[in-house]
Amino acid sequence: MRRVAVLGATGSIGTSALDVIARHPQRLRATVLAAGSNAGALVELCRRHRPEHAVIADEACFAALRDGLRDAELPTQPHCGDDVLQQLVAGDACDIVVAAIVGAAGLPSTLAAARAGKRILLANKESLVLAGELLMQAAHAGGATIVPVDSEHNAIFQCLPDAHAHAGLRRILLTASGGPFRGRRRETLGDVTPEQAVAHPKWSMGPKISVDSATLMNKGLEVIEAHHLFGVDGGRIQVLVHPQSLVHSLVEFVDGSTLAQLGLPDMRTAIAVGFGWPERIESGVSGLDMLAHGRLDFEPPDLDAFPCLRLAFEALSAGGTAPAVLNAANEVAVSAFLQRRIGFLAIPALVEDTLAALPSTPATSLAALRDADAQARRHAAQAVAARA
Ligand code: NAD
Ligand code: MG
């Protein structure tokens, strides 16, 4: 029996992970559930999955969690805060960690899991963008296995099973759905609403990543993520817009072979790969009916309408603290857009302005990266206030 900590349990990935866990009662058990501030939803999950521990990040919500668990007569122990979460993740409460907190807030727990040598199902791409080198080093030193559960990186992971495959890799082709505004020109994007931006045509996801998909920043973050996971520089990563979202990514080898992974757009496939690997286990997702889908289209991304993708490539090539600055400015901008304080086109403008204001410096320590993250958040928040 493998014991699983699901971090971000109340979110979109957390829900999918718990669905897969519940399909394998002989094999998997959720022992730790963690969420940000929705104590009611967390208590409901505890009723269903009966974990040993439940952790809420927001202190103001602890009483609601504690009382909710008591009223439901559950044996689950309530906790709050990031320190406890890191201890639980690193200790023997779990063997597997589903890292599905949204944003840079997921870094400390992901790092703790890496240092402690856990199997990490990594959805929290922001932690790799912010501190990719340190996180990969910590995983290596701690003996942790990272299985990416971003669909594209999970596809690449499946196509690169061993060191021989890595050695013969020429380039990575990352697919992108193009988001809800695919095909639109820049001039038409000024007044799009948060509701339109989060209405993703193919995937059902949390609000932050949905906006990132609409700006193509999600693909930019994924380029940086792929660089760290697979050791490939930005010049060997190409982005292809593929509106059907059935080919989840491709790898090209030096001999001219290209391998791809295909499947329905449902994150439970990638999550089941993470839990079972190298075995294959049921996920609840049906197979692909190629005749029913009929065709697979590919087109280049429009960097004029969606400059975030260009900014991410530039931050990757600048290196150092630039990706951390890109990520932090983007988190602030997306949150301001969701609160209707700035428009859609202000998201790339704010990120570009923050990158220009805070030139990259070497990212030698976690402290340097945290500092760059904090400075970028301050700069971007001031820019939001000036615009709003
Ligand atoms: P979501 O908004 O649906 O869920 C986020 C979860 O994180 C919630 O459970 C929330 O309570 C929790 N959370 C937020 N702040 C927290 C904190 N400080 N401490 C503890 N928990 C906290 O988001 P999502 O769509 O599930 O995405 C989660 C992560 O997975 C993101 O990094 C995203 O980029 C990545 N991802 C998601 C998908 C997808 O299909 N949803 C696909 C690929 C990658
Ligand atoms: Mg993805």
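Residues numbered from 1 in each chain as written. Chains lettered and ligands numbered in written order. Predicted model: local features only at pLDDT ≥ 70, side-chain atom pairs only at ≥ 80, totals over all residues. Heavy atoms only, no water.

Enquirer: Can you tell me about the packing of helix 15 (residues 322-338) against helix 17 (residues 366-387), naming the residues and giving the values?
Expert: Packing of helix 15 against helix 17 leaves a shortest axis separation of 8 Å and a crossing angle of 35 degrees. Crossing of helix 15 over helix 17 shows right-handed handedness. Between helix 15 and helix 17, the residues in contact are A324, V325, A328, A329, E331, V332 and A336 and L369, A372, D373, A376, R377, A380, A381 and V384, respectively. For the contact of helix 15 with helix 17, the residue count by class is 12 nonpolar, no polar and 3 charged. (Axes fitted to C-alpha atoms, helices over the stretch in contact; angles between N-to-C directions. Helix = DSSP H or I, 4+ residues; strand = E, 2+ residues; numbered from the N terminus. Left-handed = near helix turned anticlockwise from the far one by under 90°. Contact = heavy atoms within 4.5 Å. Nonpolar A, V, L, I, M, F, W, Y, C, P; charged D, E, K, R; others polar.)

Enquirer: Quick rundown of the coordination of the magnesium ion (ligand 2)? Include the residues and the values.
Expert: Protein coordination at the magnesium ion (ligand 2) comes from D150 (OD), E152 (OE) and E222 (OE), with a distance range of 2.1 to 2.2 Å. Read in sequence order, the donor residues for the magnesium ion (ligand 2) give the motif D-x1-E-x69-E. Note that E152 is positioned in helix 7 (residues 151-159) and E222 in helix 11 (residues 217-230), a separation of 70 residues in sequence. Accessibility assignment for this pair places E152 and E222 in one class, buried. (Donors = N, O, S within 2.8 Å, 3.2 Å for Na, K, Ca; no water. Buried < 20%, exposed > 50% of the residue type's maximum accessible area, 1.4 Å probe, protein only.)

Enquirer: Outline the sheet that holds strand 5 (residues 96-99), supporting the account with residue identities and numerical values.
Expert: Taken in spatial order, the 7 strands line up as 4-3-2-1-5-6-7 in an open sheet, and their pairing is parallel. Edge strands, defined here as strands with exactly one partner in the open sheet, are strand 4 (77-80) and strand 7 (145-148). Each strand axis lies, on average, 20 degrees off the axis of its neighbour in the sheet, ignoring direction. Summarising the sheet, strand 1 (residues 2-7) and strand 2 (residues 28-35) pair through 6 bridges and their orientation is parallel. Paired with R3 across the bridge in strand 2 is R29. (Pairing = 2+ DSSP bridges.)

Enquirer: Give me the lowdown on the site of ligand 1, citing residues and values where you can.
Expert: In the region of ligand 1, 23 residues are neighbours, and T10, S12, G36, E126 and G206 sit closest. At a separation of 3.3 Å, an oxygen atom of ligand 1 approaches a polar backbone atom of G8. One of the backbone N or O atoms of G36 is found 2.8 Å from an oxygen atom in ligand 1. Protein contact buries 86% of the 820 Å² of open area that ligand 1 shows by itself. (Near = heavy atom within 4 Å. Polar contact = N/O pair within 3.5 Å; in protein donor to acceptor, adjacent residues only side chain to side chain. Areas by Shrake-Rupley, 256 points an atom, 1.4 Å probe, with all protein chains shown as cover.)

Enquirer: Can you lay out the packing of aromatic side chains for me, pointing to particular residues and giving the numbers?
Expert: Given two aromatic rings, their pairing is described by the distance between the two centres and the angle made by the two planes. Applying the stated rule across the entire model yields 3 aromatic pairs. With 5.7 Å between their ring centres and 65 degrees between their planes, F337 and F344 make a pair best called edge-to-face. Here F337 falls in the buried class, since its relative accessible area comes to 1%. Assessed through its relative accessible area of 2%, F344 is described here as buried. Taken together through their ring pairs, the aromatic side chains of F181, F337 and F344 make up a single cluster. (Phe/Tyr/Trp six-rings, centres within 6.5 Å; stacked < 30°, edge-to-face > 60°.)

Enquirer: An account of a nonpolar patch on the surface is needed here, citing residue identities and associated values.
Expert: On the surface, L262, M290, L296 and F298 cluster together into a nonpolar patch covering about 330 Å² of accessible area. Judged by its relative accessible area of 40%, F298 is partly exposed. (Patch = residues over 30% accessible without salt bridge, like charges linked within 9 Å, V, L, I, M, F, W, Y side chains within 5 Å. Salt bridge = Lys/Arg side-chain N within 4 Å of Asp/Glu carboxyl O.)

Enquirer: Quick one: what's the story with the nonpolar core, residue by residue and with numbers?
Expert: One finds I172, F230, L326, I342 and F344 to be the most contacted residues of the largest nonpolar core, which totals 93 residues. Among the elements that make up this core, the one with the highest residue count is helix 15 (11 residues). Not counting chain neighbours up to four residues away, the residues in contact with F344 comprise F181, L189, G190, V192, A197, A214, T215 and F337. (Core = buried A, V, L, I, M, F, W, Y, C linked by side-chain atoms within 4.5 Å.)

Enquirer: I'd like to hear about the side chain of H79, residue by residue, with values.
Expert: Along the chain, H79 falls in strand 4. Reaching out from H79, the side chain makes a polar contact with the side chain of H53 at a distance of 2.9 Å. Non-local contacts of H79, meaning those with residues more than four positions away in its chain, are made with H53, A54, V55, I56, F62, L65, V84 and L88.

Enquirer: Provide a residue-level description of the pattern of salt bridges, including the pertinent values.
Expert: According to the stated counting rule, one finds 26 salt bridges in the structure shown. Residue D67 pairs with R70 through a salt bridge whose shortest N-O separation is 3.6 Å. Of this pair, D67 and R70 both sit in helix 3 (residues 62-71), separated by 3 residues, roughly a single helical turn. Linking R310 and E314 is a salt bridge whose minimum nitrogen-to-oxygen distance equals 3.2 Å. Of this pair, R310 and E314 both sit in helix 14 (residues 307-318), 4 residues apart, which is roughly one turn of that helix. For R310, a relative accessible area of 27% puts it in the partly exposed group. Relative accessible area serves as the criterion here: at 39%, E314 is assigned to the partly exposed category. Each of K125, D150, E152, K219 and E222 takes part in one network of salt bridges that share partners.

Enquirer: Tell me about the packing of helix 10 (residues 207-215) against helix 11, and name the residues and values.
Expert: Relative to each other, helix 10 and helix 11 sit at 95 degrees, their axes nearing to 5 Å. Relative to helix 11, the element helix 10 lies roughly perpendicular. Each of K208, I209, D212, S213 and T215 in helix 10 lies in contact with helix 11, whose residues at this interface are M217, N218 and L221. Residues belonging to the contact of helix 10 with helix 11 are distributed by class as follows: 3 nonpolar, 3 polar and 2 charged. (Parallel < 35°, antiparallel > 145°, perpendicular 65-115°, else oblique.)

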